Amino acid sequence: MYEPIRTKSVHSTMAGTTSDFPHRSREEELDIQLAGHLAALLAVTDELRSAAPSEDLDTAADRLTTQVTRLRGGHPPVRAVAGDVGRTKPAALHRRAHALAGRALVVAASRADTAAAILSAEQMDVHAAALEPRELASH
C-alpha cells in the first residue's frame, strides 16, 4: 500500500550532533538578567538625579554602575546624558525604581549574589521611603 522510502531523510535528530551556536549556563543567564534589571534601575536613578540631584542618588548610581560592569564582564552600562531624560514625575520614577529593585533582588537571591542582593534591597528601601509621604498624602 505504501511505497518504501528510498532517499535519506532531510530531517535529523539532535542526538549525537553538536550545535553551531553557543549555549549559556543557568548562571550566565541569571547574570544577564540581573545586569539588565540593575541597568534599568540605573537609568531610572539617572532620571531621578537629573530631576532632583543628591549625593545619595550619585552614590547609588556609582554602586549600580559597578555591579552592572562586574556582571557584564567589565563592560560598563550606557548612561543617560543630562539633557536626554524625560520629565516623568518623581513619584512614578520612585515606584518604577522600587519595582526594578525588587526584580533585581529576586534574581540576585536566586544566583546567591550577596553584593547585588544587598544593593537591591537598599534601593527598595530608599525608594519605598521616598514614596511614603506622597502615598500617604494621596489617600
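Caption draft 1: Structural context of the nonpolar core. Of all hydrophobic cores here, the largest spans 24 residues; its most connected members are Leu34, Leu38, Leu41, Val44 and Leu64. Elements with a minimum of two residues in this core: helix 1 (26-51), helix 2 (55-71), helix 3 (90-110) and helix 4 (114-138). Top element by residues in this core is helix 1. It accounts for nine residues. Setting aside anything within four residues of it in sequence, one finds leucine 41 in contact with Leu64, Ala97, Leu100, Ala101, Gln123 and His127.

Caption draft 2: Quick look at the pattern of salt bridges. Overall, the coordinates contain nine salt bridges when judged by the stated rule. Here arginine 79 makes a salt bridge to aspartate 46, at a shortest N to O gap of 2.8 Å. Taken together, the residues arginine 79 in the loop between helix 2 and helix 3 and aspartate 46 in helix 1 connect sequence positions 33 residues apart. The structure contains a network of salt bridges with shared partners spanning Asp31, Arg70, Arg111 and Asp113.

Caption draft 3: Examining unusual backbone geometry more closely. With a phi angle near 60 degrees, alanine 112 is a residue other than glycine that sits in the positive phi range. Residue position: alanine 112 is located in the loop between helix 3 and helix 4.

Caption draft 4: Local environment of helix 3. With 21 residues, helix 3 extends 30 Å from end C-alpha to end C-alpha; this agrees with the ideal 30 Å at 1.5 Å per step. If you check which residues of helix 3 are buried, you get Ala91, Leu93, His94, Ala97, Leu100, Ala101, Gly102, Ala104, Val107 and Ala108. After helix 3 finishes, the residue alanine 112 shows a positive phi value of roughly 60 degrees.

Caption draft 5: Inspection of the environment of proline 77 at higher detail. Considering the arrangement of structural elements, one finds proline 77 in the loop between helix 2 and helix 3. For proline 77, a relative accessible area of 10% translates into the label buried. Considering only alpha carbons, one finds proline 77 and alanine 43, 34 residues apart in sequence, at a separation of 9.5 Å. Not counting the four nearest positions on each side in its chain, proline 77 is found in contact with Leu42, Thr65, Val68, Thr69 and Arg72.

Cut-offs used in this document
Residues numbered from 1 in each chain as written. Predicted model: local features only at pLDDT ≥ 70, side-chain atom pairs only at ≥ 80, totals over all residues. Heavy atoms only, no water. Core = buried A, V, L, I, M, F, W, Y, C linked by side-chain atoms within 4.5 Å. Buried < 20%, exposed > 50% of the residue type's maximum accessible area, 1.4 Å probe, protein only. Helix = DSSP H or I, 4+ residues; strand = E, 2+ residues; numbered from the N terminus. Contact = heavy atoms within 4.5 Å. Salt bridge = Lys/Arg side-chain N within 4 Å of Asp/Glu carboxyl O. Expected span 1.5 Å × (residues − 1).

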